[in-house]
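Close look at the chain arrangement
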Amino acid sequence: MRLPPAILANAEEVLREILRFTAPADSTLSRYFRDHPRLGSRERGAVAEGIYAVLRNKSFFTDFAEAGSGPTMRRLTILGLAEAMGADSLGGLTEEETEWLSRITQIDRTLMQPMMRANLPKWLFDKLIAQYGEAETMLLADALNAPAPLDLRVNSLKATREEVMAALAEAPVLSTPTPYAPLGLRVLKKPSLQNMPLFQSGAIEVQDEGSQLLSQIVGAKRGEMVVDFCAGAGGKTLALGALMRNTGRLYAFDVSEKRLAKLKPRMARSGLSNVHPVQIAHERDAKIKRLAGKIDRVLVDAPCSGLGTLRRNPDVKWRQQPQSIVELQAKQAAILDGAARLVKGGGRLVYATCSFLNEENDQIAEQFLAAHADFTLVPMSQVLAEQKIELEMGDYLKLLPHRHHTDGFFAAVFERKAMPKKVYADKPVDADAADAPADAAE
């Protein structure tokens, strides 16, 4: 079925704004669609897929868009829509544009120079080559430049995975169990979920399998005190609450009131009552100090480059800059240090990012261990075995799209050594309890 010519004009208009890289592509698209309510769901889908195709293939497309005659932005848009929807679906092209598009679509991309084929900025391509070598970098780049699947997490408080699969099949929506996450489903197409009873009842949430695994390795149990230190809109918070079977106390900390506000309707759907959203000013907020040394499990899903999500957010590779990685490292170390103060003796601290860069991952974990003698690294192989997740890992969790078919994720698990007993009047007292009033008074 051919797309109406107006779709090309709409896509070109919004692409021009997105390529300024002043805001995330998804927020720019959402605003554009709100401003153009006459666009139907099919038209919006075509525009969005065409835009994301341009962002994934920007190096390659720009080179060939500039080689022809006519407006470069229009040619870029044509290439994006052809990539996403098929060249035969485009209407309103001139004879010259049709011939030009036919030539471009016949190019064997495997014969291009590696950096052009990878469609990555030079600074990032060079980093990945240094970290993984060229062969693995190209496999990673190919995976990052393909659209991500739609993963769902089953809310175990509301349904089983088998029940959700059966209900989806009646829709009809085909799904398959994710290989690692025990409550995950991978949907084979991308249906609209918002109006489905499963979604409205809180039986399912959209969540990448890698993100589900991060929640799983926290190991939260019934009745514990748990903190999601950088909760955002709460995807992992909801998963943790379900793992705790709606018992204990789960704090969702974040500096953004807007992000925490998005968590509240999701909490209402989920049926969770053990979640306590708390806005904090920074990692040394007094609200945090009052809980120092009292928490069983702390998850730090730290602010990061977001490069692990390029399948979903391809604009990130063009908006991110090398200097921002350096700035993020300082923030990540400070947040991890602040969160560590919450952990009780014998408790666990999980540091995670949606990045595959060593600077944001291994280096931060190693710096933390060097500066905190009271914490030890729990090998990820041990953590996964505890959770009965059959996934081969060493000391750290390192998920990569081309290997695991998830977004790119990193995680390290630290355990705080048991606090030494203090003696007051010949009576042994737990150090956590002895120190609690001082912590609370800070």
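Calculation criteria
- Residues numbered from 1 in each chain as written.
- Predicted model: local features only at pLDDT ≥ 70, side-chain atom pairs only at ≥ 80, totals over all residues.
- Heavy atoms only, no water.
- Salt bridge = Lys/Arg side-chain N within 4 Å of Asp/Glu carboxyl O.
- Helix = DSSP H or I, 4+ residues; strand = E, 2+ residues; numbered from the N terminus.
- Buried < 20%, exposed > 50% of the residue type's maximum accessible area, 1.4 Å probe, protein only.
- Pairing = 2+ DSSP bridges.
- Axes fitted to C-alpha atoms, helices over the stretch in contact; angles between N-to-C directions.
- Contact = heavy atoms within 4.5 Å.
- pLDDT = per-residue confidence, 0-100.
- Expected span 1.5 Å × (residues − 1).
- Core = buried A, V, L, I, M, F, W, Y, C linked by side-chain atoms within 4.5 Å.

Let us now look at the pattern of salt bridges. Enumeration over the complete set of coordinates arrives at 27 salt bridges. For the salt bridge of Glu12 with Arg16, the shortest nitrogen-to-oxygen distance reads 3.3 Å. Linking Glu12 with Arg16, this pair stays in helix H1 (residues 5–18), spanning four residues, or about one helical turn. Under the relative-accessibility criterion, Arg16 is labelled partly exposed at 38%. In this structure, Glu386 engages Arg348 in a salt bridge whose closest nitrogen and oxygen atoms are separated by 2.9 Å. One end of the pair, Glu386, is in helix H19 (residues 380–386); the other, Arg348, is in strand E9 (residues 343–353), and 38 residues separate them in sequence.

Right, let's get into the sheet that holds strand E2 (residues 175–177). Strand pairing in a sheet takes place through backbone hydrogen bonds and is either antiparallel or parallel in direction. Pairing within the open sheet is antiparallel, and its four strands lie in the order E2-E3-E1-E4. Across the chains shown, the open sheet's two edge strands, defined by having one partner strand only, are E2 and strand E4 (204–206). If you compare each strand with its neighbour and ignore which way they point, the axes differ by 35° on average. Note that strand E1 (residues 150–154) and strand E3 (residues 184–187) share four bridges and pair antiparallel. When the bridges of E3 are listed, Leu152 appears paired with Leu185. Against the sheet, helix H12 (residues 209–218) touches E1 and E3, its axis set at about 30° to E1.

The next thing to look at is the confidence of the model for the chain. Taken over all residues, the pLDDT of the chain has a mean of 91, while the share at 70 or more is 94%. Note that residues 423–442 has pLDDT below 50 and, in this model, 24 contacts with residues that lie over four places away or in other chains.

Helix length check: helix H3 (residues 41–56) (16 residues) gives 22 Å between terminal C-alpha atoms against 22 Å at 1.5 Å per residue, within 8%. Residues of H3 that are buried in the fold lie against H1, helix H2 (25–35), helix H4 (58–65), helix H5 (72–85), helix H9 (134–144) and helix H16 (316–319).

We now examine the nonpolar core. In this structure, Leu29, Val47, Ile51, Leu55 and Leu76 are the most contacted members of the largest nonpolar core, which totals 35 residues. Mapped onto this core, the elements with two or more residues apiece are H1, H2, H3, H4, H5 and helix H6 (95–105). Examining the composition of this core, we find that seven residues originate from one element, H3, more than from any other. The contact partners of Leu29, leaving out residues within four places of it in the chain, are Val14, Ile18, Val47, Ala48, Ile51 and Tyr52. Formed by 34 residues, the second largest nonpolar core is a distinct cluster that contains Leu240, Val378, Leu391 and Ala411.

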